[in-house]
Amino acid sequence: MTTDGHQGYLRRLAELEAQIGSARLSADVVCERAAGLLAGRIGCRIDEALAHIRTVAAQQDKDVETVAAAMISALETRQVTPSVRLRRSAEEVLRVAHQAPKPRQRHRPAVSVDDAAPGWAAVVQQVLDAMPGNHIVLVGIRDDAGELVDYRLVAVSRTLVDLSGTAGSRLIGRRVSETYPTIVGGPVWQAWADALADGQQRQVGPFPYVHRDDEQASEHLLSVRVQPVGPGLLNSWVRFDEQTRLAERIAQTERLGNLGWGEWDLVTDATVWSDEMYRIYERDPADGPLPREESDALGLPEDEPLRRQAAEAFGRGETIDLTARAMIKGKVKHLRAVIDAVRDVDGRPVKIYGIIQDVTAREMSRLKLAEVQEELRAQQQSLLAEHRLAAHLQHIVLPIPDGPIELDGLRAAVRYLPAEQASRVGGDWYHAAAAGDGTIVLAVGDVAGHGLQAAATMAQLRHALAALAVTTTSDPADLLTHLNRLLYAADAETGTAAVARFDPATHDLAWARAGHPAPLLARAGTVTELSDRPGPLLGAIRRATYDTSTTRLDPGDVLLLYTDGLIEHRSRTLDEGLAPVLAVLGRVTAEPGPPPLETLLGALRRANPDDDTCILAARRHIEAPPAAPGARHG
Amino acid sequence: MRTVSVDTSVDGRLDVVLRGELDFTNASQVAKVVKEAIISGRPSSVRVRLAEVTFLDSSGIGLLVRAMKAADEVGADFRVEDPTDKVLDQLRMSGLLEAFGLAQPPADT
């Protein structure tokens, strides 16, 4: 190292330490670091952690920096950095580098060096063990006349594996003519003899070398540098195919990972960049690496605290792993930098090297993902709000009475089972009230779809029915005709409904339905489906017409109107879904005495918990017995 | 397998094939596809094949109604074909067999 070079190194070191020192002294850095550690530990936001640190400081009547420093020492679990290991290996390399170059000595080999210096061979082996690369040290074997007849391998690099797959240590002691017969008499063979003769270094190749392995022969491009060393010859082998492959592999890895590699030698002030580094910084390799001041200036000011923290960590001998933004050719890039140093025995950096990865794509997708998640959360909240509103609206429009509804000649009861999922609460409704003409109108309906739209349509239908029944007609078919027109005009959802009218004077029961399950009539254990030709569901056909059918309701008869959630299930037919309803209805009405409606409704199990279900049961009063018992007999 | 596929045949008929379960989860999307095909294609007739439909809920029936209304708008004849027995039961309950061209020939009574 020249005096100039050494002073330059000291100056650069001083600059670096000044940078690190200024970072270390900053109270901001201490606070941010403490906040970062705290946030990471308890999983809160950094600003929340900072606020917490300030609160603690105020409580303990200390300044924020002191509390932050205390917190750092409490929270920090120091990672074992690889810098120690790196330092050791660097020292080894440097030691070997000082040993390896041997002056070109003229050296006449002694006769019969074959067994001459086993101690020397052991030393050479130690040197090879510490050196990178693939080296073989040979000594010549001479015949009685002093002629070179063969060579023996006396030291081989541990990492060397020859073409037949034999490891270095197992090659020691072998003869070349036996181990590599194709070399005998070739250019390398000649170079060995020449080098031994004049003590000069030789370079052979690249030359094609044919390797025979059993029946297989393969050709490899090799070159070898032959260097006389003591009584022997140091051969440094290079396999070109391998080296090319390795270089390609590294380049490909760099490209695939958007990884660049750079190195700054503080001793020589030389900076080296890999090809991908130029691509990341969009710089022409001919211009050389970007000067450090310029590359520092690319960083966005917002990331300054991050960079200062990293500089501080570097000062403590840690490996930096930092992702920060840089403005490169007008674009913001997210660059991850992993930076470490080779340090001297005092821990001072000698060489700084870094791997830079362009993680812009990943960062952008992470940011986009966060945006999408935020949108999703907002949307889910608004959906939730809508579902709550729908349920609320339904509750307002469709209050379900706690007890039975007493009507002229009838007692009715309602059970409403909302869908288990809030999102599916929606369109079921019922009606049970006296019409304008004194008859009783009973109805249930179901609007397709769920949520706010369905609830609104449901409200419209129910109110329309109530108004029509009071003002216009109590005829079930006419009522459905009106509702159909209303829904068709709205061009929103379709709906279904079953409407029945009981005349308390005549005990006639009239009914009609629009795309809806048939009402059920239960009389003393016998259940009849009031089936007829069903009219089309509401809102589908502009001029749909409906037919009213009639029957009689006897005392104690039970009429059941329900929506399809009670019987419809995707894995069953409608008949299969209806069977348990018929069974319950039959059983409850078979009991002597007036069938209890609450018991009946409580016993019915709906087929589809994913759908709203509305059940309306009405029982005709059992008239008080005539004043003279048995008067009608006769 | 797609829930819906739409094809126009040479004689100006639009063939819609529906598959699987048609319910509140997919009905509005399928309805949109079918409706757009009808409005933009202005076919002379629309056929909806239900042979591969295993379940329809009220939203699924609503989708057929929307397709029927769209066909009506462009003056196209509308028919539903080949429902399974279970789906036919559901369509019968909806009272739309006639409108869908699925009504049995009038039985003697």
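Residues numbered from 1 in each chain as written. Chains lettered and ligands numbered in written order. Predicted model: local features only at pLDDT ≥ 70, side-chain atom pairs only at ≥ 80, totals over all residues.

Caption draft 1: Structural detail: the overall build of chain A. Helix and strand counts for chain A come out as 18 helices and 21 strands. Within chain A, the fraction of its 634 residues that count as buried is 33%. A separation threshold of at least 6 residues defines the contact pool for chain A, and within that pool the share at least 24 residues apart is 60%. (Helix = DSSP H or I, 4+ residues; strand = E, 2+ residues; numbered from the N terminus. Buried ≥ 20, exposed ≤ 12 C-beta atoms within 10 Å, placed from the backbone. Contact = placed C-beta atoms within 7 Å.)

Caption draft 2: Here's a closer look at the sheet that holds strand β3 (residues 202-213) of chain A. Residues and elements named next belong to chain A. Read from one edge of the open sheet, five strands run β2-β1-β5-β4-β3, paired in antiparallel fashion. Of all the strands in the sheet, just β2 (148-156) and β3 have a single pairing partner and so form its edges. Neighbour to neighbour, the strand axes of the sheet diverge by 40° on average, direction disregarded. For strand β4 (residues 216-229) and strand β5 (residues 232-239), the ladder comprises eight bridges, and the chain directions are antiparallel. Pairing of leucine 222 across the sheet is with arginine 239, part of β5. Sheet strands touched by helix α9 (residues 187-198): β1 (134-142), β2, β3, β4 and β5. Its angle to β3, the strand with the most contacts, is close to 140°. (Pairing = 2+ DSSP bridges. Axes fitted to C-alpha atoms, helices over the stretch in contact; angles between N-to-C directions.)

Caption draft 3: How the structure looks around the interface of chain A and chain B. With 18 residues of chain A in contact, the opposing surface of chain B contributes 15 residues. Looking at the side of chain A that touches chain B element by element, the count peaks at four residues for strand β14 (residues 440-450) of chain A.

Caption draft 4: Local environment of the sheet that holds strand β21 (residues 613-620) of chain A. Residues and elements named next belong to chain A. Strand order in this open sheet of six strands is β11-β12-β21-β20-β17-β18, and the pairing throughout is antiparallel. Pairing within the sheet leaves two strands with one partner each, and these edge strands are β11 (405-407) and β18 (526-529). The mean angle between the axes of side-by-side strands here comes to 20°, regardless of whether they run parallel or antiparallel. Across three bridges, the pairing between β11 and strand β12 (residues 410-417) is antiparallel. The partner of isoleucine 405 across the bridge, within β12, is alanine 412. This element, helix α17 (residues 574-590), spans β17 (520-523), β18 and β20 (558-562) of the sheet and lies at about 30° to β17.

Caption draft 5: Examining the pairing of strand β6 (residues 259-265) of chain A more closely. Residue and element names in this part refer to chain A. Residues Gly260, Gly262 and Trp264 line the buried face of β6, whereas the alternating positions Leu259, Trp261, Glu263 and Asp265 sit on a face that is not buried. Alignment of β6 against strand β10 (residues 349-358), held across seven bridges, turns out to be antiparallel. The residue of β10 that forms the bridge with leucine 259 is glutamine 357.

Caption draft 6: Focus on the confidence of the model for chain A. Predicted confidence across chain A gives a mean pLDDT of 79, with 85% of residues reaching 70 or more. Note on residues 77-87 of chain A: pLDDT under 50 across the span, and 14 contacts to partners over four residues away in sequence or across chains. (pLDDT = per-residue confidence, 0-100.)

Caption draft 7: Molecular detail of the packing of helix α1 (residues 27-41) of chain B against helix α2 (residues 58-73) of chain B. Residues and elements named next belong to chain B. The contact between α1 and α2 brings their axes to 9 Å, and the two run at 15°. When the axis of α1 is compared with that of α2, the two are roughly parallel. As for the relative orientation of α1 and α2, their crossing is right-handed in sense. Of the residues in α2, those touching α1 at Ala27, Val30, Ala31, Val34, Lys35, Ile38 and Ile39 are Ser59, Gly60, Gly62, Leu63, Arg66, Ala67, Ala70 and Ala71. (Parallel < 35°, antiparallel > 145°, perpendicular 65-115°, else oblique. Left-handed = near helix turned anticlockwise from the far one by under 90°.)

Caption draft 8: Molecular detail of the pairing of β20(A). All names here are of chain A. Burial analysis of β20 places five of its five residues in the buried class, the great majority of the element. Both faces of β20 are covered, namely the face carrying Val558, Leu560 and Tyr562 and the face carrying Leu559 and Leu561. Bridge count between β17 and β20: three bridges; the pairing is antiparallel. Pairing of leucine 520 across the sheet is with leucine 560, part of β20. As judged from the five bridges shared by β20 and β21, these two strands associate in the antiparallel manner. Bridge pairing in β21 links leucine 559 to alanine 618.

Caption draft 9: Quick look at the nonpolar core. All names here are of chain A. Within the largest apolar cluster, 100 residues are counted, with the highest numbers of intra-cluster contacts made by Leu442 and Leu616. With near-sequence residues (within four places) excluded, leucine 616 lies in contact with Ala412, Val414, Tyr430, Ala432, Leu442, Val444 and Leu561. If you look at the next biggest cluster of nonpolar residues, it comprises 28 residues, including Leu128, Val139, Trp192 and Leu233. (Core = buried A, V, L, I, M, F, W, Y, C linked by C-beta atoms within 7 Å.)

Caption draft 10: Here's a closer look at the environment of A:Glu263. On the secondary structure map, A:Glu263 appears in strand β6. Setting aside chain neighbours within four positions, we find A:Glu263 in contact with A:Thr271, A:Val272, A:Lys351 and A:Tyr353.

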